[in-house]
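Fold and contact review
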Amino acid sequence: MTATVSRRSFVGAMAGAGLLVGQQRASVLAAPGGASSILTNAAQDAPDGPHTLPDLPYDYAALEPHIDTLTMQIHHDKHHAAYVANLNKAVADYPDLQALSVEQLVTGLDSVPEAIRTAVRNNAGGHFNHSMFWETMGASGTKPSDVLTSALDRDLGGLEAMQTAVNEAGTKRFGSGWSWLVVQDGKLAVVSSPNQDSSLMDNSGTPILGVDVWEHAYYLLYQNKRADYLTAWWNVVNWDVVSQRYADTLAS
Ligand code: MN
């Protein structure tokens, strides 16, 4: 293993993961001067390192009554902020790694020096997953595109069957983690991951939708009833964003 990270190898890994798409949707999470991202949040200033906490793309209260305001405030301002701060801390002594986007870190963990690999896995994963999560919510009343609807019918038995599968994967995930709708070899699939792992880390697919099943995502309103949170969560999904991610992933 080498401590020197090749930018080219990360970009290659990204292309392989189907993420070099949507050039017009430039993201602050992309590497400086570099590749685009499936994430589109605007960023806040973060003087402590290359990674920044993106603004929530809507008001903290926007997801009421399904997700409460205080949960959103703590989740974004404390939990996500901590992942960003700890990621910056982890790469503080690694200029080569500082030049990489969070997506590049998540897809290239094998090239991260072992001394900080776990910290990068947890905190780049947390930063990446939450940046995506905020954008996946906030537009009640939207619907999957025709193309995505057809793919859901073809691969997973339809929208409702997919939602049931995501809820089951999330409910069964022991401890903390995520439940995902991913594109795997051109087909839709449902997978889950522990902790802040991404489906990109073990090549189980490119995520187009993910729901956070850590207790911090739901405990204030739902306490131990994770299944109730998962059922309610679908009311706040932004299907326009998810449909666009699906189109971008197919096009790559
Ligand atoms: Mn979370």
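An account of the accompanying structure is given in this report. Everything numeric here is computed off the predicted structure, so don't read it as measured data.

All told, the structure shown has nine aromatic pairs when counted by the stated rule. Relative to Trp233, the ring of Phe133 has its centre 6.2 Å away and its plane inclined at 10°; by these criteria the two rings are stacked. Residue Phe133 is located in helix H5 (residues 114-136), and its partner Trp233 is located in helix H9 (residues 226-233); the two are separated by 100 residues in the primary sequence. Each member of the pair, Phe133 as well as Trp233, is classed as buried.

Moving on, we come to the pattern of salt bridges. Within the structure shown, the criterion is met by three salt bridges. Between Glu135 and Arg245 there is a salt bridge; the shortest N-O distance is 3.8 Å. Residue Glu135 is found in helix H5, and its partner Arg245 is found in helix H10 (residues 239-251); the two are separated by 110 residues along the sequence. Take Arg245: its relative accessible area is 1%, and that puts it in the buried class.

As a further point, take helix H7 (residues 159-172). Spanning 14 residues, H7 covers 20 Å between terminal C-alpha atoms, matching the ideal 20 Å at 1.5 Å per step. Among all positions of H7, only Met162, Gln163, Val166, Asn167, Ala169 and Gly170 are buried. Seen along its axis, H7 keeps its buried residues to an arc of 160°; they face one direction. Turned more than 90 degrees from where H7 packs its buried face, Glu160 and Lys172 sit exposed. At its buried positions, H7 is contacted by helix H6 (146-156), strand E1 (177-184), strand E2 (187-194), strand E3 (206-212), H9 and H10.

The next thing to look at is the environment of Ala85. Relative to the helices and strands, Ala85 is located in helix H2 (residues 69-90). Sequence spacing of Ala85 and Leu53 is 32 residues, and the spatial spacing of their C-alpha atoms is 8.7 Å.

Further remarks concern the nonpolar core. One finds Met137, Leu188, Tyr229 and Trp233 to be the most contacted residues of the largest nonpolar core, which totals 39 residues. Looking at this core, the elements that each hand over two or more residues are H5, H6, H7, E1, E2, E3, H9 and H10. Ranked by the residues each element gives to this core, the list is headed by E1, at five residues. One finds Leu87, Leu105, Leu200 and Met201 within the second-largest nonpolar core, a separate group that totals 16 residues.

A separate point is the side chain of His127. With respect to the element layout, His127 can be found in helix H5. When its relative accessible area of 0% is taken as the criterion, His127 is described as buried. Here His80 takes part through its side chain, which lies 2.9 Å from a polar atom of the side chain of His127.

Once that is clear, we can look at the coordination of the manganese ion. For a metal with four donors in a tetrahedral arrangement, the ideal angle between donors is 109.5 degrees, while six donors in an octahedron ideally sit at 90 or 180 degrees. On the protein side, the manganese ion has His75 (NE2), His130 (NE2), Asp212 (OD) and His216 (NE2) as donor atoms, found 2.0 to 2.2 Å from it. Counting residues between consecutive donors of the manganese ion along the chain gives the motif H-x54-H-x81-D-x3-H. Under the relative-accessibility criterion, Asp212 is labelled buried at 0%.

As paired strands, E1 and E2 are joined by eight bridges and run antiparallel to one another. Bridge pairing in E2 places Val183 opposite Leu188. From the end of E1 to the start of E2, which pair antiparallel, there are two residues, and Asp185 there has a positive phi angle of about 50°.

Rules used throughout
- Residues numbered from 1 in each chain as written.
- Predicted model: local features only at pLDDT ≥ 70, side-chain atom pairs only at ≥ 80, totals over all residues.
- Heavy atoms only, no water.
- Phe/Tyr/Trp six-rings, centres within 6.5 Å; stacked < 30°, edge-to-face > 60°.
- Helix = DSSP H or I, 4+ residues; strand = E, 2+ residues; numbered from the N terminus.
- Buried < 20%, exposed > 50% of the residue type's maximum accessible area, 1.4 Å probe, protein only.
- Salt bridge = Lys/Arg side-chain N within 4 Å of Asp/Glu carboxyl O.
- Expected span 1.5 Å × (residues − 1).
- Arc of directions from axis to C-beta.
- Contact = heavy atoms within 4.5 Å.
- Core = buried A, V, L, I, M, F, W, Y, C linked by side-chain atoms within 4.5 Å.
- Polar contact = N/O pair within 3.5 Å; in protein donor to acceptor, adjacent residues only side chain to side chain.
- Donors = N, O, S within 2.8 Å, 3.2 Å for Na, K, Ca; no water.
- Pairing = 2+ DSSP bridges.

Fair warning: the whole summary comes from geometry, so function is off the table for now.
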